[in-house]
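Fold and geometry: a report
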Amino acid sequence: MPPKPPRRAGSAAAKSQRASPDGGSAALAAPRLDIDEADFVGLCDALKVSEGVREKAWKTYESLSAADGALASNKKKKETWGVCIFIVAVDLDEITFTFTELLKSIGMNVCTFFQFLKEVDVNMDTVSTKVDSTVSRLKKKYDILLALYHKFERTCGLIYLEQPSSEISAELKSVLVLKNYWITFLLAKGKVLQVEDDLVISFQLLLCVLDYFIKLSPPAMLKEPYKSAVTAVAVNGSARTPRRGQNRSTRTSKQVDTDTKVIEILCKEHDCNLDEVKNVYSTSFIPFLNSVGIVASNGLPEVEVILQQYEELYLKNKDIDARLFLDHDETLQSDVMACSQVDKIPLKPNSDEEHTLTLLQTPVRAAMNNIQQLSMILNSATDKPSETLIKYFNNCTVNPTDSILKRVENFDHIFKKKFAEAVGQGCAEIGAQRYKLGVRLYYRVMESMLKSEEERLSVQNFSKLLNDNIFHTSLLACAVEVVMATYGRNASQSDGTSAETDLSFPWILNVFDLKAFDFYKVIESFIRVEPSLTREMIKHLERCEHRIMESLAWQSGSPLFDLIKQSKEREGQTEQPEPTSTLNLPLQHNHTAADLYLSPVRSPKKKGPPLSGTSTSDAQPGATPQTQKPQKSTSLSLFYKKVYLLAYLRLRTLFFRLLSDHPDLEPLIWTLFQHTLQNEYELMRDRHLDQIMMCSMYGICKVKNVDLRFKTIVSAYKELPNTNQETFKRVLIREEQYDSIIVFYNLVFMQKLKTNILQYASNRPPTLSPIPHIPRSPYQFSNSPRRVPAGNNIYISPLKSPYKFSDGFQSPTKMTPRSRILVSIGESFGTSEKFQKINQMVCNSDYHLKRSAEVSAAPKPLKRLRFDIEGQDEADGSKHLPQESKFQQKLAEMTSTRTRMQKQKLNDGNDTSASEEK
């Protein structure tokens, strides 16, 4: 039983002793009360927890101690108590303490606490999904605050003099000034933003706070260029020294309207969009100043007022006391960089070094660079359809212009409303700015798609596609998602789920009222036709596609189930969404978004006017004449191919972590896994692909007498990338009833597949499913240079982004080899001197030396490269002119080889499409 407070515990012990004839037995039967239990009671009293929390926390501690004796040691006992109290208080919604108070009571820092909580979750039911969600929110908020405080410290160091002139009062010299700035920002962030993990808006708000205080600071405190800016403002009659009687709203409005010099400098220094920051200033920061009633004292807000209001906010939220960053408090600072994903900024390399190092980026710098690159891409785009798009619209049988414009306008209002509800009512205009960027990208990608379709099909009438509402909604949603993800980079880059106010995917699907399966159809084509997407955005869209395939497309109400049903009705129950015979074939296809949205009505190989007329979706078989059998759904076939590939890759990763000593089990587990997805697809409804994977692995190991417990599977699964603990802690059992994956296996999975699973233990096991062909991801590109075949010393690597930003953006100039000579085929080589230098390096300069065991032996040059010999025949049978340089000859050979490879790849793709149609 749990320990009682000392007085009550002693009384209970006395009663027990009187009731027992044997004093020794009575002593054993009475509740133990040693110094440790008294400390537990004291900890509960300090945190003011209720009796119910105290008792359940003690039971949780006893169960943890029984499972892991190390947790009961004196060294970890107090920390374990604190974690147990936290878990129970969150589960019971009885949190009577702040997170910082808990950390101080048990002497832990925030990062150690998060790590320790992960360690004590030895059983799947120790930490609930509710606690996981709370911890995820705290972790994200901590990472954001840590990144912003580091940026705040460095920025203030660039703004203010360390030893200002003697004319400045001691009060202004003191640390109270920076304390005032930081706490004002914390208060503004808490009042303005409802979402905790929006790094960009938070940083823009921080710039607004800095701008406000810089203007109120004496010029003698400031460094250049801020000193000159503030001096110029004072000369022009700024409101730097406002009078108390002046209306505050008028004062702050005048301040932002009449003087933008300081904010312009701040935005330029941090690569921030000036218009966006001005918008945050006028729509969020000024209303904040007015709402909190800040009173100026010598031109600065009173510290006591700000402190009191932030204290109230902190106690209300019961989370992290961010004021402690100013004091470098151990709860926020000790071992902080060991567990936080905030990048350190290394020292700049010396200018005399021969090569340039790739600089690491802080979260704020990385976010600003991504936003700036997106802005540069969309600067030339417009908010309206281009002339080229208008021509495509006019060529349609039914002109879609009015419906497209009306749809964009309607979603503008919807998006602003949803954005304001999630982030804060004062941030509606910020949402409007982001949506506007999304619209520009939407029109840009649409134009590229139509040009690609015209080249592929030799048609210009795209009436059916351009009048398809789902296609346009999906394309617009994808464009806006790219913008939101660019702005939504948080400090931890976590892929886990977050609070309901999080703007990350799939939030966009709810805003646009879009089914995940329909959204999936546009992703690959979007990436193909928009070459300017950053590597981060390509990875993000690929992750969105994976989330759709693993769970979102399998939710109730998804059109996927209708398509599967129609597929099985085509030729009876023997029909499969995707035959297993195609699993080991390369995943090559030339299908586009148009094929997927208009399938099964059209085929990508048929030309003519297939895109004119009215739209028909996958779930409308009535579009096919009754005398004909329904055509196979292209979107369903491609979806299943991708699902099989994703499923096998996940299985292989987990398998090698757990069963590398039993390679014979992999094909058995995969066969059961694939059979379930193909024939028992209803088990995927409102569930996750990984749940079926783990159950398949456990079931095969069970019948093959391999000792593998679910606890072991789950422990390994938690270490995989892009996983969520809710996947195994909260599995649908039956309607509106959820439990752990073990319960799901026993009550659902095993009951459905028992006969099939037992076949693997018999002498006639099921026919093994082919292993899927594993291609390179179509969305990823190799970073490493590749050596050109034929034994030469020329290497090629993907062309890096042409955009170059300051302070760490990975531009080509920062990623070239030590020689600093970069040649991009298809672009100008630059000066003739550079060309000659490259040619000299390749052909006539230092020879490579063979390794020799004898130090005294004279080094011998390696054999000359084959293409160094005059008149030597090339690999393609051609000869080059003698006057051509060796480098020119090799470039010609590379270009010829690349052309042949592209033609071969195109032919392979056409052959694959032809086989699919058959």
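Residues numbered from 1 in each chain as written. Predicted model: local features only at pLDDT ≥ 70, side-chain atom pairs only at ≥ 80, totals over all residues. Heavy atoms only, no water.

1. A few points about the overall build of the protein
The cut-off we apply is this: Secondary structure elements follow DSSP: runs of H or I no shorter than four residues count as helices, runs of E no shorter than two count as strands, and numbering proceeds from the N terminus. The cut-offs for exposure are 20% and 50% of the maximum accessible area for each residue type, with area from a 1.4 Å probe on protein chains only; residues under the lower value are buried, those over the upper are exposed, and the others partly exposed. Contact definition: two residues touch when any of their heavy atoms are within 4.5 Å. Here the Shrake-Rupley method, with its probe set to 1.4 Å, supplies the accessible areas, and only the displayed protein chains count as covering residues.
A tally of helices and strands in the protein yields 37 helices and 6 strands. Here the protein holds 918 residues, and the buried ones make up 49% of them. Within the protein, counting contacts between residues at least 6 apart in sequence, those at least 24 apart form 75% of the total. For the protein, the accessible area works out to roughly 44,700 Å², and carbon and sulfur atoms hold 50% of it.

2. Regarding the pairing of strand S3 (residues 731–734)
The test is simple: Strands qualify as paired when DSSP identifies two bridges or more between them.
Sheet topology note: the S3/strand S4 (residues 737–739) ladder contains 3 bridges and is antiparallel. In the sheet register, Arg 734 faces S4, and the bridge partner there is Gln 737. With antiparallel pairing between neighbouring strands as the criterion, S3 and S4 make up a hairpin whose turn holds 2 residues, including Glu 736 at a positive phi of roughly 60°.

3. Side note on the packing of aromatic side chains
To keep things clear, this is the line we draw: In this analysis, rings of Phe, Tyr and Trp, with Trp reduced to its six-membered ring, are considered paired at centre separations within 6.5 Å, and the interplanar angle assigns stacked below 30 degrees, edge-to-face beyond 60, and tilted for intermediate values. A ring has a charge above it when a Lys NZ or an Arg CZ is no more than 6 Å from the ring centre and no more than 35 degrees off the ring normal.
Evaluated as defined, the whole model comprises 49 aromatic pairs. Here Tyr 640 and Tyr 644 contribute two aromatic rings whose centre-to-centre distance is 5.5 Å and whose plane-to-plane angle is 70°, an arrangement assigned as edge-to-face. Here Tyr 640 pairs with Tyr 644, and both are found in helix H30 (residues 634–658), just 4 residues apart, close to one helical turn. Tyr 644 sits in the buried class, given a relative accessible area of 0%. Grouped by ring-pair contacts, the aromatic residues Phe 517, Tyr 520, Trp 554, Phe 561, Phe 639, Tyr 640, Tyr 644, Tyr 648, Trp 670, Phe 673 and Tyr 681 constitute a single cluster. The ring of Phe 561 has Arg 685 lying over it, and the distance from NZ or CZ to the ring centre is 3.9 Å. Here Arg 730 stacks its cationic end above the ring of Tyr 738, 3.8 Å away from the centre of that ring.

4. Examining the confidence of the model for the protein
As a reminder, the rule being used: A score from 0 to 100, pLDDT tells how confident the predictor is in each residue.
Averaged over the protein, the pLDDT score is 75; the fraction of residues at 70 or greater is 63%. Confidence, expressed as mean pLDDT per element, reaches its minimum in the protein at helix H2 (residues 23–29) with 40 and its maximum at helix H32 (residues 689–703) with 96. Here residues 799–820 is a poorly scored stretch, pLDDT under 50, and it has 53 contacts once near neighbours within four places are set aside; other chains count. Contacts for the low-pLDDT stretch residues 912–918, under 50 throughout, to residues beyond four places or in other chains number 9 contacts.

5. Some points on the side chain of Glu 550
Heads up, the condition is: Definition of a polar contact: a pair of N or O atoms within 3.5 Å, with one able to donate and the other able to accept a hydrogen when the atoms are protein atoms, and with sequence-neighbouring residues admitted only if both atoms are side-chain atoms.
Tracing the backbone through its elements, the reader meets Glu 550 in helix H27 (residues 535–550). Looking at Glu 550, its side chain comes within polar contact range of the side chain of Arg 650, at 2.5 Å.

6. Quick notes on helix H4 (residues 51–67)
This is how it is decided: Expected helix span is given by 1.5 Å per residue-to-residue step, counting one fewer step than there are residues. The arc in question is the one spanned by the directions pointing from the helix axis to the C-beta atoms.
End to end, H4 covers 25 Å across 17 residues, agreeing with the expected 24 Å (1.5 Å per residue, within 8%). When we look at burial in H4, the residues that qualify are Val 53, Arg 54, Ala 57, Trp 58, Thr 60, Tyr 61, Leu 64 and Ser 65. An end-on view of H4 places all buried positions within 165° of arc, on one side of the element. Across H4 from its buried face, at more than 90 degrees, point the exposed residues Lys 59, Ala 66 and Ala 67.

7. Quick look at the pattern of salt bridges
Filter applied, for reference: The salt bridge definition used is simple: a Lys or Arg side-chain nitrogen within 4 Å of an Asp or Glu carboxyl oxygen.
Counting across every chain of the model gives 28 salt bridges. One salt bridge in this structure joins Glu 530 and Arg 444, with 2.7 Å as the shortest N-O distance. A residue pair is termed long-range when its members are at least 10 positions apart, and Glu 530 in the loop between helix H26 (516–529) and H27 and Arg 444 in helix H22 (residues 428–457) qualify at 86 residues. Linked through salt bridges whose partners overlap, the residues forming this network are Glu 524, Arg 528, Glu 545 and Lys 642.

8. A closer look at the nonpolar core
Most often, soluble globular proteins have nonpolar side chains that are buried together. Note the following rule: As used here, the term nonpolar core means buried Ala, Val, Leu, Ile, Met, Phe, Trp, Tyr and Cys residues forming a set that is joined through side-chain atoms within 4.5 Å.
One finds Ile 85, Phe 86, Phe 113, Ile 214, Phe 512, Phe 526 and Phe 639 to be the most contacted residues of the largest nonpolar core, which totals 233 residues. Looking at which element gives the most residues to this core, the answer is helix H11 (residues 199–215), with 13 residues. What Ile 85 contacts, discounting residues up to four positions off in sequence, is Phe 40, Leu 43, Cys 44, Leu 47, Val 49, Val 53, Ala 57 and Phe 97.

9. Brief notes about the packing of H26 against H30
Convention followed: Fitting a line to C-alpha atoms yields each axis, with helices limited to the stretch in contact; the angle taken between N-to-C directions then spans 0 to 180 degrees. Here the angle decides the label: under 35 degrees means roughly parallel, over 145 means roughly antiparallel, 65 to 115 means roughly perpendicular, and every other value means oblique. Three categories are distinguished: nonpolar for Ala, Val, Leu, Ile, Met, Phe, Trp, Tyr, Cys and Pro, charged for Asp, Glu, Lys and Arg, and polar for the others, with Gly belonging to the last.
At a closest axis distance of 11 Å, the pairing of H26 and H30 adopts a crossing angle of 80°. The pairing of H26 with H30 is recorded here as roughly perpendicular in orientation. Listed contacts from H30 to Phe 517, Tyr 520, Lys 521 and Glu 524 of H26 are Ser 635, Leu 638, Phe 639 and Lys 642. Considering only residue class, the contact of H26 with H30 consists of 4 nonpolar, 1 polar and 3 charged.

10. Description of the packing of helix H8 (residues 129–159) against H11
Put simply, the rule reads: Definitions for this section: a left-handed crossing has its near helix turned counterclockwise from the far helix by less than a right angle. A right-handed crossing has that turn clockwise.
Where H8 contacts H11, the two axes come as close as 11 Å, and the packing angle between them is 30°. Classified by the angle their axes make, H8 and H11 are roughly parallel. Every pair of crossing elements has a handedness; the one defined by H8 and H11 is right-handed. Mapping the contact onto sequence places Ile 144, Leu 148, Lys 151, Phe 152, Thr 155, Cys 156 and Ile 159 in H8 and Leu 199, Ser 202, Phe 203, Leu 206, Leu 210 and Ile 214 in H11.

11. Thoughts on the environment of Lys 754
Summarising the element assignment, Lys 754 is placed in helix H35 (residues 741–759). The spacing of Lys 754 and Gly 699 is 55 residues in sequence and 9.0 Å in space, taken between C-alpha atoms.

12. Notes on unusual backbone geometry
When glycine is set aside, most residues are seen to have a negative phi, and most peptide bonds are trans. The omega torsion across Glu 224 and Pro 225 is 5°, close enough to zero to call that bond cis. Here Pro 225 is to be found in the loop between H11 and helix H12 (226–235). Note that the residue after Phe 505, namely Pro 506, is joined by a cis bond; omega there is 10°. Within the secondary structure, Pro 506 sits in the loop between helix H24 (469–487) and helix H25 (507–511). With phi around 55°, Asp 93 is a residue other than glycine that occupies positive phi space. Examined against the element boundaries, Asp 93 turns out to sit in the loop between helix H5 (74–91) and helix H6 (99–106). Of note, the phi angle at Asp 513 is positive, near 50°, even though the residue is not glycine. Mapped onto the fold, Asp 513 is located in the loop between H25 and H26. Asp 513 sits in the exposed class, given a relative accessible area of 73%.

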